[in-house]
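# Reading the structure
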Amino acid sequence: MTNTDFLIIGGGPAGLMAALSASEFGLEPLIIDENQSIGGQLIKQTHMFFGSKAERAGTRGFEIGLELEQEIGKRNISIERQASAVGYYPDGTLAVQQNEKVTPLKPKAILVATGASENFVSFSGSDLPGVYGAGAVQTLMNVYGIKPGHSVLMVGSGNIGLIVSYQLMQAGVEVKAVIEGLPKIGGYLVHASKIARAGVPILTRHTILNAFGEEQVSGAVISKIDDKWQTIEGTQQTLEVDTICLAVGLSPLTELLWQAGCQMNYIPELGGQVAWHDDLMMTTAPGIFTAGDVSGIEEASTAMLEGELAGLGAVKFLRGGSKELQCRIDDTTCRLAGLRAGPFGQKAREGKCKLAECRR
Ligand SMILES: Cc1cc2nc3c(=O)[nH]c(=O)nc-3n(C[C@H](O)[C@H](O)[C@H](O)COP(=O)(O)OP(=O)(O)OC[C@H]3O[C@@H](n4cnc5c(N)ncnc54)[C@H](O)[C@@H]3O)c2cc1C
């Protein structure tokens, strides 16, 4: 593994776009990713993306990943696969583990683009085989071609719950119900309509009470809840399912940013603890950048633009500014603001404003 001035941790949409924008201005970044394939979440997303045409809306997620990988292949960008950043030390050394060997790297600039991890809810029986995170189910089906089971209860009606439900149905798995604790469906109506039209009930103000089964899940008990999240007696239902899929949100994967001593702030609109960053995605630790889901749970389209900005920020940090660089920064900033302008961007917009005000 060769040393580099600009190291990018995570080869998802944010990391890949950062590498492309930085290489446009002469940097030769190194991307490391713990997986065999690069693309991050994109590799398992078989549905067409929403958003703006300029950010590849209308293209399937995994195809966006392949397109970015091809563009990367034409540039002076190195990739190390199955390489995990396992620790950041106060002298600026990053430990990278690959094939059981740990290599110390000391880049001048680092982008942490590690994405997010799935949230979990615990209930009686939640440790039985057959209880999965929705992202894990998507990986099993769309990357490895394995069905998780025959009949599923989906917990959570955000976009991930709705999209994975639809993909389960496409794979021939029966989705018995999608349940949601909040009074309304969390994801886009277009995704909800597709599964509702196929006869899947989407039950708002419902929660899971317990899962049961001998060696693995054979059923689940669900119930209506009131506005204080208390179960309403007499509304319990038993569903015969062999799989329970949890789509209850994501949390930014921020361990490396904590280790680097970045100022962290709890911003619920962005999914939890995130690092404060400036307009070019630089944290309070000079030369340490953040972009994508790790800087706030949003979408691949915004992750790509944040990554692009972080790559340009690294150029400015390492090489100084120029008129051409500033034009490119202004253009990307404007496209990112455009993506967040509508009602679907409101939460992220508010979260980013709150974060900007937190600088100590
Ligand atoms: C079911 C589903 C449907 C979605 N649909 C859409 C959609 O229609 N449109 C849209 O715009 N977005 C969609 N998204 C969201 C989108 O996939 C994410 O917002 C986006 O992938 C975030 O990009 P990222 O680069 O920040 O992180 P990721 O894509 O998660 O990439 C991070 C990468 O970093 C690697 N990594 C983490 N830690 C380390 C480490 N320590 N060392 C080395 N590597 C590490 C990870 O393995 C991963 O490969 C969807 C997400 C899901 C789950």
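So, how was this worked out
- Residues numbered from 1 in each chain as written.
- Predicted model: local features only at pLDDT ≥ 70, side-chain atom pairs only at ≥ 80, totals over all residues.
- Heavy atoms only, no water.
- Axes fitted to C-alpha atoms, helices over the stretch in contact; angles between N-to-C directions.
- Helix = DSSP H or I, 4+ residues; strand = E, 2+ residues; numbered from the N terminus.
- Parallel < 35°, antiparallel > 145°, perpendicular 65-115°, else oblique.
- Left-handed = near helix turned anticlockwise from the far one by under 90°.
- Contact = heavy atoms within 4.5 Å.
- Nonpolar A, V, L, I, M, F, W, Y, C, P; charged D, E, K, R; others polar.
- Salt bridge = Lys/Arg side-chain N within 4 Å of Asp/Glu carboxyl O.
- Buried < 20%, exposed > 50% of the residue type's maximum accessible area, 1.4 Å probe, protein only.
- Pairing = 2+ DSSP bridges.
- Near = heavy atom within 4 Å.
- Polar contact = N/O pair within 3.5 Å; in protein donor to acceptor, adjacent residues only side chain to side chain.
- Core = buried A, V, L, I, M, F, W, Y, C linked by side-chain atoms within 4.5 Å.
- Patch = residues over 30% accessible without salt bridge, like charges linked within 9 Å, V, L, I, M, F, W, Y side chains within 5 Å.
- Areas by Shrake-Rupley, 256 points an atom, 1.4 Å probe, with all protein chains shown as cover.
- 1 Å grid on protein atoms, 1.4 Å probe; cavity = no way out; pocket = protein on both sides within 12 Å on 5 of 7 lines; lining within 4 Å.
- Points joined across faces, edges and corners; volume = space filled by probe spheres on them.
- Expected span 1.5 Å × (residues − 1).

## Structural notes on the packing of helix H3 (residues 134-142) against helix H4 (residues 159-170)
- Taken N-terminus to C-terminus, the directions of H3 and H4 make an angle of 30°; their axes are 10 Å apart at the nearest point. When the interaxial angle is binned, H3 and H4 end up roughly parallel. Note that H3 runs across H4; the crossing there is left-handed. Across the interface between the two elements, Ala134, Val137, Gln138, Met141 and Asn142 from H3 touch Ile160, Ile163, Val164, Gln167 and Leu168 from H4.
- When the residues that make up the contact of H3 with H4 are grouped by side-chain class, the tally is 7 nonpolar, 3 polar and no charged.

## A closer look at the pattern of salt bridges
- As enumerated under the stated definition, the model contains 13 salt bridges in all.
- A salt bridge links Glu308 to Arg335, with the shortest nitrogen-to-oxygen separation between them at 3.1 Å. With Glu308 in helix H7 (residues 300-319) and Arg335 in helix H8 (residues 323-339), this residue pair connects regions lying 27 residues apart in the sequence.
- Under the relative-accessibility criterion, Glu308 is labelled buried at 3%.
- Accessibility expressed as a relative area gives 25% for Arg335, which makes it partly exposed.
- Three or more residues joined by partner-sharing salt bridges are found here, namely Glu24, Glu308, Arg328, Asp331 and Arg335.

## Thoughts on the sheet that holds strand E12 (residues 202-204)
- Spatially, the 5 strands line up as an open sheet ordered E9-E16-E10-E11-E12, and their pairing is parallel. The sheet terminates laterally at strand E9 (131-133) and E12, the two strands that pair on one side only. Each strand axis lies, on average, 20° off the axis of its neighbour in the sheet, ignoring direction.
- Summarising the sheet, E9 and strand E16 (residues 243-246) pair through 3 bridges and their orientation is parallel. What sits directly across from Tyr132, in E16, is Cys245.

## Description of the site of the ligand
- Every one of the 30 residues lining the ligand counts as a neighbour, but Asp33, Gln41, Gln45, Asp293 and Ala300 are closest to it.
- Between the ligand and Pro13 there is a distance of 3.3 Å, counted from an oxygen atom to a backbone nitrogen or oxygen.
- Contacts to the ligand include Glu34, whose side-chain N or O atom sits 2.9 Å from an oxygen atom.
- Residue composition of the shell around the ligand, by class: 11 nonpolar, 14 polar and 5 charged.

## Digging into unusual backbone geometry
- The phi torsion at Glu100 lies on the positive side, around 65°, for a residue other than glycine.
- Mapped onto the fold, Glu100 is located in the loop between strand E5 (94-98) and strand E6 (101-105).
- With phi around 50°, Arg205 is a residue other than glycine that occupies positive phi space.
- The residue Arg205 is located in the loop between E12 and strand E13 (206-212) in this model.
- Its relative accessible area of 23% is what places Arg205 among the partly exposed residues.

## Some thoughts on the nonpolar core
- Counting residues in each nonpolar core, the largest one holds 39 residues, and the members touching the most others are Phe6, Ile8, Ile31, Leu68, Ile72, Leu111 and Phe289.
- Secondary structure elements with two or more residues in this core: strand E1 (6-9), helix H1 (13-24), helix H2 (61-73), strand E7 (109-112), H7 and H8.
- Here this core gets 9 residues from one element, more than from any other, and that element is H7.

## A word on a nonpolar patch on the surface
- A surface patch of nonpolar side chains, amounting to about 360 Å² of accessible area, comprises Ile43, Val143, Tyr144 and Ile146.
- Take Tyr144: it is sitting in the loop between H3 and strand E10 (151-155).
- Judged by relative accessible area, Tyr144 falls into the exposed class, the value being 58%.

## As for the layout of surface pockets
- Taken as a whole, the second largest pocket encloses approximately 370 Å³ of empty space.
- Lining the second largest pocket are 16 residues, with His277, Asp279, Leu336, Arg340 and Lys352 positioned closest to its centre.
- Contributing elements (two or more residues each) for the lining of the second largest pocket: H7, H8 and helix H9 (346-356).
- At 5 residues, H9 tops the list of elements feeding residues into the lining of the second largest pocket.
- Residue composition of the lining of the second largest pocket, grouped by class: 8 nonpolar, 2 polar and 6 charged.

## Concerning H4
- The end-to-end C-alpha distance of H4, which contains 12 residues, comes to 16 Å, matching closely the 16 Å that a straight helix rising 1.5 Å per residue would cover.
- When H4 is considered as a whole, its buried residues turn out to be Gly161, Leu162, Ile163, Val164, Ser165, Gln167 and Leu168.
- Elements in contact with the buried residues of H4: H3, E10, strand E11 (174-180), helix H5 (189-197) and E12.

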